[in-house]
Amino acid sequence: IDKTKSMADGQSLRAMGSGAPGEHAAFKIPKAGTQGAAAAAEAQTAASPDAASEWTPEQQKQLEAALQKHPATLEKNERWRLIAAEVPGKTKSQCVERFKFLKEQMKKK
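Residue positions are given per chain, counting from 1 as you read along its sequence in written order. Owing to the predicted nature of the model, reporting of local features is limited to residues with pLDDT of at least 70; listing and counting of side-chain atom pairs is limited to 80 or more, with chain, interface and lining totals taken over all residues. With hydrogens and water set aside, each side-chain value is computed from the structure's full complement of heavy atoms.

### Quick look at helix α6 (residues 92-108)
Over its 17 residues, α6 runs 25 Å from end to end, which matches the ideal 24 Å to within 8%, given 1.5 Å per residue. Three exposure classes are used, based on accessible area relative to the maximum for each residue type with a 1.4 Å probe and protein chains only: buried under 20%, partly exposed in between, and exposed over 50%. Strands are runs of DSSP state E lasting at least two residues, helices are runs of H or I lasting at least four, and both sets are numbered from the N terminus onward. Those residues of α6 lying buried are Gln-94, Cys-95, Val-96, Arg-98, Phe-101, Leu-102 and Gln-105. Working rule for helices: expected span equals 1.5 Å times residues minus one.

The structure is reproduced here in structure tokens:
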């Protein structure tokens, strides 16, 4: 976690060199009324790479705290649902994506 803090230093994923622009272009937003509010919000965010890739220092801290609070021994979907609930403005998918990105960055160092 300390390495994550020093690596991120409040930078967004894009600033840290995450994927190419438009990488989420394959996602489509389903018609209204066909899904729950949370799924609709996640689909909207997935369609907007800028919103998905920007992480504030506060969100980063909240993600790190939630990762420590909810052990990997939990069922993975439940764990990530709980983690995302503690990171305002981020979905479960965004938290997983951020974790994978940071883990990959740590491997490169």
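### Focus on the confidence of the model for the chain
Residues of the chain with pLDDT of at least 70 account for 52%, and the chain-wide mean is 71. When mean pLDDT is compared element by element in the chain, helix α5 (residues 76-85) scores highest at 97, while helix α2 (residues 37-46) scores lowest at 43. pLDDT is a residue-level measure of predictor confidence that goes from 0 to 100. Two residues form a contact once any of their heavy atoms are found within 4.5 Å. Low pLDDT, under 50, characterises residues 18-51; the predicted model gives this stretch 23 contacts beyond four residues in sequence or across chains.

### Observations concerning the nonpolar core
We call a set of buried residues a nonpolar core when its members are Ala, Val, Leu, Ile, Met, Phe, Trp, Tyr or Cys and they connect through side-chain atoms within 4.5 Å of each other. Counting residues in hydrophobic clusters, the biggest one holds 10 residues: Trp-55, Leu-63, Ala-66, Leu-67, Trp-80, Ile-83, Ala-84, Val-87, Cys-95 and Val-96. If you list the elements that add at least two residues to this core, you get α4 (57-69), α5 and α6. The contacts of Ala-66, once residues within four sequence positions are left out, are Ile-83 and Glu-86.

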